[in-house]
Amino acid sequence: MEYLRSSFVFFLFALVTYTYAATIEVRNNCPYTVWAASTPIGGGRRLDRGQTWIINAPRGTKMARVWGRTGCNFNAAGRGSCQTGDCGGVLQCTGWGKPPNTLAEYALDQFSNLDFWDISLVDGFNIPMTFAPTNPSGGKCHAIHCTANINGECPSALRVPGGCNNPCTTFGGQQYCCTQGPCGPTELSKFFKRRCPDAYSYPQDDPTSTFTCPSGSTNYRVVFCPNGVADPNFPLEMPGSAEVAK
(Lines give C-alpha, C1' and ligand atoms only; values in the text may rest on other atoms or scores of the structure.)
Protein backbone atom coordinates (compact mmCIF):
# COMPACT_ATOMS: atom_id res chain seq x y z
CA MET A 1 0.00 0.00 0.00
CA GLU A 2 2.82 2.40 0.87
CA TYR A 3 4.48 1.64 -2.46
CA LEU A 4 1.25 2.38 -4.33
CA ARG A 5 0.77 5.62 -2.44
CA SER A 6 4.34 6.73 -3.21
CA SER A 7 3.93 5.80 -6.86
CA PHE A 8 0.71 7.78 -7.09
CA VAL A 9 2.34 10.87 -5.52
CA PHE A 10 5.24 10.56 -7.95
CA PHE A 11 2.78 10.28 -10.85
CA LEU A 12 0.98 13.46 -9.77
CA PHE A 13 4.27 15.30 -9.37
CA ALA A 14 5.41 14.17 -12.82
CA LEU A 15 2.06 15.19 -14.33
CA VAL A 16 2.26 18.69 -12.85
CA THR A 17 5.90 19.04 -13.90
CA TYR A 18 5.03 18.00 -17.44
CA THR A 19 1.91 20.13 -17.68
CA TYR A 20 3.26 23.44 -16.39
CA ALA A 21 6.32 25.02 -17.94
CA ALA A 22 6.30 28.09 -15.70
CA THR A 23 4.46 29.93 -12.98
CA ILE A 24 3.74 33.61 -13.49
CA GLU A 25 3.38 35.52 -10.22
CA VAL A 26 1.45 38.78 -10.67
CA ARG A 27 1.74 41.28 -7.82
CA ASN A 28 0.11 44.67 -7.31
CA ASN A 29 2.30 47.20 -5.50
CA CYS A 30 0.23 50.17 -6.69
CA PRO A 31 -1.49 52.39 -4.10
CA TYR A 32 -4.81 51.53 -5.76
CA THR A 33 -6.69 48.43 -6.88
CA VAL A 34 -5.63 46.84 -10.17
CA TRP A 35 -7.75 44.29 -12.00
CA ALA A 36 -5.09 42.00 -13.45
CA ALA A 37 -5.84 40.26 -16.74
CA SER A 38 -4.18 37.29 -18.40
CA THR A 39 -4.84 35.56 -21.73
CA PRO A 40 -5.03 32.95 -23.17
CA ILE A 41 -4.90 31.46 -19.66
CA GLY A 42 -5.84 32.96 -16.32
CA GLY A 43 -8.70 35.30 -17.19
CA GLY A 44 -8.76 38.02 -14.56
CA ARG A 45 -8.38 38.80 -10.89
CA ARG A 46 -8.92 41.79 -8.62
CA LEU A 47 -5.68 42.69 -6.83
CA ASP A 48 -5.77 45.15 -3.99
CA ARG A 49 -2.48 46.69 -2.91
CA GLY A 50 0.00 44.00 -1.88
CA GLN A 51 -1.99 41.07 -3.26
CA THR A 52 -0.61 38.45 -5.65
CA TRP A 53 -2.01 36.02 -8.21
CA ILE A 54 -0.28 32.85 -9.39
CA ILE A 55 -0.84 31.72 -12.98
CA ASN A 56 0.33 28.24 -14.04
CA ALA A 57 1.31 28.47 -17.69
CA PRO A 58 1.44 25.19 -19.67
CA ARG A 59 4.40 24.25 -21.82
CA GLY A 60 4.02 25.65 -25.32
CA THR A 61 1.85 28.61 -24.28
CA LYS A 62 2.33 31.43 -26.79
CA MET A 63 0.89 34.82 -27.70
CA ALA A 64 0.27 35.23 -23.97
CA ARG A 65 -0.03 38.52 -22.18
CA VAL A 66 -0.59 39.90 -18.70
CA TRP A 67 -1.78 43.44 -18.08
CA GLY A 68 -3.45 45.59 -15.47
CA ARG A 69 -6.84 47.26 -15.76
CA THR A 70 -7.72 50.43 -13.88
CA GLY A 71 -10.88 52.29 -13.00
CA CYS A 72 -13.05 49.17 -13.15
CA ASN A 73 -16.59 48.50 -11.97
CA PHE A 74 -17.93 44.94 -12.09
CA ASN A 75 -21.16 43.54 -10.71
CA ALA A 76 -21.50 40.23 -8.88
CA ALA A 77 -21.76 38.42 -12.22
CA GLY A 78 -18.38 39.80 -13.31
CA ARG A 79 -19.71 42.23 -15.90
CA GLY A 80 -18.87 45.90 -16.09
CA SER A 81 -16.16 48.09 -17.58
CA CYS A 82 -12.68 49.53 -17.00
CA GLN A 83 -11.19 52.90 -17.82
CA THR A 84 -8.01 51.28 -19.21
CA GLY A 85 -7.31 47.74 -20.40
CA ASP A 86 -10.97 46.72 -20.64
CA CYS A 87 -11.52 43.31 -22.29
CA GLY A 88 -15.10 43.39 -23.50
CA GLY A 89 -16.70 44.39 -20.23
CA VAL A 90 -15.94 41.20 -18.29
CA LEU A 91 -13.79 40.41 -15.26
CA GLN A 92 -12.57 37.12 -16.76
CA CYS A 93 -10.81 38.13 -19.95
CA THR A 94 -10.78 35.85 -22.98
CA GLY A 95 -9.64 38.49 -25.47
CA TRP A 96 -7.05 41.25 -25.45
CA GLY A 97 -7.46 44.51 -23.60
CA LYS A 98 -8.39 47.86 -25.06
CA PRO A 99 -5.46 50.31 -25.25
CA PRO A 100 -3.84 51.88 -23.43
CA ASN A 101 -2.36 49.04 -21.38
CA THR A 102 1.21 48.16 -20.44
CA LEU A 103 1.77 44.54 -21.50
CA ALA A 104 3.90 41.66 -20.22
CA GLU A 105 4.06 39.20 -23.13
CA TYR A 106 5.50 35.69 -23.22
CA ALA A 107 5.78 32.45 -25.19
CA LEU A 108 7.03 29.33 -23.42
CA ASP A 109 9.22 26.51 -24.72
CA GLN A 110 9.67 27.83 -28.22
CA PHE A 111 12.70 27.81 -30.57
CA SER A 112 15.81 26.14 -29.02
CA ASN A 113 13.82 25.32 -25.86
CA LEU A 114 13.70 28.95 -24.85
CA ASP A 115 11.02 31.15 -23.33
CA PHE A 116 10.59 34.46 -25.17
CA TRP A 117 9.17 37.39 -23.20
CA ASP A 118 8.99 41.18 -23.19
CA ILE A 119 7.31 44.33 -21.94
CA SER A 120 5.37 46.03 -24.73
CA LEU A 121 4.12 49.60 -25.09
CA VAL A 122 2.75 48.89 -28.57
CA ASP A 123 -0.71 49.11 -26.96
CA GLY A 124 0.28 52.20 -24.97
CA PHE A 125 0.94 52.61 -21.25
CA ASN A 126 -1.26 52.72 -18.18
CA ILE A 127 0.67 51.19 -15.23
CA PRO A 128 4.42 51.04 -14.40
CA MET A 129 5.67 47.45 -14.60
CA THR A 130 8.58 45.12 -13.94
CA PHE A 131 8.77 41.70 -15.64
CA ALA A 132 11.48 39.37 -14.36
CA PRO A 133 12.61 35.77 -14.12
CA THR A 134 12.60 34.66 -10.49
CA ASN A 135 15.85 32.79 -11.16
CA PRO A 136 17.81 34.91 -13.67
CA SER A 137 20.62 33.10 -15.47
CA GLY A 138 22.51 35.88 -17.21
CA GLY A 139 22.58 36.93 -20.83
CA LYS A 140 19.09 38.03 -21.86
CA CYS A 141 17.52 36.28 -18.85
CA HIS A 142 17.26 39.20 -16.44
CA ALA A 143 14.72 41.66 -15.05
CA ILE A 144 13.29 44.34 -17.35
CA HIS A 145 11.47 47.50 -16.33
CA CYS A 146 9.14 50.21 -17.52
CA THR A 147 8.67 52.55 -14.57
CA ALA A 148 9.02 56.01 -16.13
CA ASN A 149 6.45 58.77 -15.70
CA ILE A 150 4.97 58.14 -19.13
CA ASN A 151 1.44 59.13 -18.16
CA GLY A 152 2.62 62.43 -16.73
CA GLU A 153 4.81 63.24 -19.73
CA CYS A 154 2.55 61.79 -22.44
CA PRO A 155 2.34 63.89 -25.65
CA SER A 156 -0.99 65.69 -25.79
CA ALA A 157 -1.99 63.86 -28.99
CA LEU A 158 -1.71 60.50 -27.17
CA ARG A 159 -3.09 61.48 -23.78
CA VAL A 160 -6.31 59.72 -22.74
CA PRO A 161 -8.01 59.28 -19.35
CA GLY A 162 -5.92 56.93 -17.21
CA GLY A 163 -3.05 56.42 -19.64
CA CYS A 164 -0.96 57.25 -22.70
CA ASN A 165 -2.24 55.78 -25.95
CA ASN A 166 -0.16 54.23 -28.72
CA PRO A 167 0.25 56.03 -32.07
CA CYS A 168 -1.37 53.20 -34.06
CA THR A 169 -4.63 53.42 -32.10
CA THR A 170 -4.60 57.22 -32.32
CA PHE A 171 -3.56 57.77 -35.95
CA GLY A 172 -3.61 54.38 -37.73
CA GLY A 173 -1.66 53.85 -40.96
CA GLN A 174 1.44 51.89 -41.94
CA GLN A 175 3.83 54.40 -40.40
CA TYR A 176 2.57 53.64 -36.91
CA CYS A 177 0.90 50.22 -37.19
CA CYS A 178 3.43 48.35 -39.39
CA THR A 179 0.74 46.07 -40.84
CA GLN A 180 1.93 46.06 -44.46
CA GLY A 181 5.65 45.32 -44.28
CA PRO A 182 8.78 46.73 -42.69
CA CYS A 183 8.64 49.95 -40.73
CA GLY A 184 10.91 51.94 -38.45
CA PRO A 185 10.69 54.07 -35.32
CA THR A 186 8.86 57.39 -35.33
CA GLU A 187 9.24 60.42 -33.10
CA LEU A 188 6.24 59.22 -31.11
CA SER A 189 7.64 55.70 -30.65
CA LYS A 190 10.95 57.25 -29.59
CA PHE A 191 9.08 59.03 -26.78
CA PHE A 192 8.32 55.60 -25.28
CA LYS A 193 11.75 54.10 -26.06
CA ARG A 194 13.70 56.89 -24.40
CA ARG A 195 11.75 56.37 -21.18
CA CYS A 196 11.60 52.57 -21.23
CA PRO A 197 14.59 51.23 -23.23
CA ASP A 198 13.73 47.60 -22.33
CA ALA A 199 10.24 47.79 -23.81
CA TYR A 200 8.78 47.45 -27.30
CA SER A 201 8.00 50.94 -28.58
CA TYR A 202 6.62 49.97 -32.02
CA PRO A 203 5.65 46.59 -33.57
CA GLN A 204 9.05 45.81 -35.16
CA ASP A 205 11.23 46.92 -32.24
CA ASP A 206 12.56 43.36 -31.76
CA PRO A 207 16.37 43.58 -31.42
CA THR A 208 16.40 45.51 -28.12
CA SER A 209 13.08 44.37 -26.72
CA THR A 210 12.91 40.54 -26.79
CA PHE A 211 14.36 38.54 -23.89
CA THR A 212 14.92 34.82 -23.44
CA CYS A 213 15.34 32.31 -20.60
CA PRO A 214 15.77 28.52 -20.50
CA SER A 215 12.38 26.86 -20.80
CA GLY A 216 11.20 24.54 -18.05
CA SER A 217 13.57 25.89 -15.41
CA THR A 218 12.44 29.51 -15.22
CA ASN A 219 9.48 31.11 -13.45
CA TYR A 220 8.47 34.75 -13.76
CA ARG A 221 7.12 37.67 -11.77
CA VAL A 222 5.11 40.64 -13.06
CA VAL A 223 4.88 43.58 -10.64
CA PHE A 224 2.61 46.57 -11.13
CA CYS A 225 4.10 49.79 -9.67
CA PRO A 226 7.31 48.02 -8.58
CA ASN A 227 8.47 51.15 -6.75
CA GLY A 228 5.27 51.13 -4.70
CA VAL A 229 4.07 54.45 -6.07
CA ALA A 230 1.95 55.49 -9.01
CA ASP A 231 2.65 58.18 -11.55
CA PRO A 232 1.80 61.71 -10.38
CA ASN A 233 -1.43 61.85 -12.38
CA PHE A 234 -2.87 58.78 -10.65
CA PRO A 235 -5.09 59.34 -7.61
CA LEU A 236 -4.55 57.01 -4.68
CA GLU A 237 -7.96 55.45 -5.40
CA MET A 238 -9.04 54.93 -8.97
CA PRO A 239 -12.64 55.94 -9.82
CA GLY A 240 -15.21 53.45 -8.58
CA SER A 241 -12.69 51.26 -6.76
CA ALA A 242 -14.70 51.21 -3.54
CA GLU A 243 -17.78 49.92 -5.37
CA VAL A 244 -16.32 47.04 -7.32
CA ALA A 245 -17.23 43.49 -6.50
CA LYS A 246 -14.38 41.13 -5.72
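Keep in mind the model is a prediction, meaning the values are calculated, not measured.

On to the packing of aromatic side chains, then. Counted under the stated rule, the structure contains six aromatic pairs. A ring pair is formed by tryptophan 117 and tyrosine 220, whose centres lie 5.6 Å apart and whose planes are at 55°; its orientation type is tilted. One end of the pair, tryptophan 117, is in strand S9 (residues 114–120); the other, tyrosine 220, is in strand S15 (residues 220–224), and 103 residues separate them in sequence. For the residue pair tryptophan 117 and tyrosine 220, the accessibility class agrees, reading buried in each case. Members of the aromatic cluster, each reached through a chain of ring pairs, are Trp117, Phe131, Phe211 and Tyr220. Directly above the aromatic system of phenylalanine 211 lies the positively charged group of lysine 140, at a separation of 4.9 Å from the ring centroid.

By the secondary structure assignment, serine 215 is in the loop between strand S14 (211–214) and S15. Look at serine 215 and you get buried, because its relative accessible area is 16%. Apart from the residues lying within four places of it in its own chain, the contact partners of serine 215 are Arg59, Leu108, Asp109, Asn113, Leu114 and Asp115.

Moving on, we get to the pattern of salt bridges. Counted by the stated rule, this structure contains eight salt bridges. One salt bridge in this structure joins arginine 59 and aspartate 109, with 3.6 Å as the shortest N-O distance. With arginine 59 in the loop between strand S4 (52–58) and strand S5 (64–69) and aspartate 109 in the loop between strand S8 (103–107) and S9, this residue pair connects regions lying 50 residues apart in the sequence. Each of the salt bridges in this network shares a partner with another, and the network as a whole consists of Arg65, Glu105 and Asp123.

Calculation rules
- Residues numbered from 1 in each chain as written.
- Predicted model: local features only at pLDDT ≥ 70, side-chain atom pairs only at ≥ 80, totals over all residues.
- Heavy atoms only, no water.
- Phe/Tyr/Trp six-rings, centres within 6.5 Å; stacked < 30°, edge-to-face > 60°.
- Helix = DSSP H or I, 4+ residues; strand = E, 2+ residues; numbered from the N terminus.
- Buried < 20%, exposed > 50% of the residue type's maximum accessible area, 1.4 Å probe, protein only.
- Lys NZ or Arg CZ within 6 Å of the ring centre and 35° of its normal.
- Contact = heavy atoms within 4.5 Å.
- Salt bridge = Lys/Arg side-chain N within 4 Å of Asp/Glu carboxyl O.

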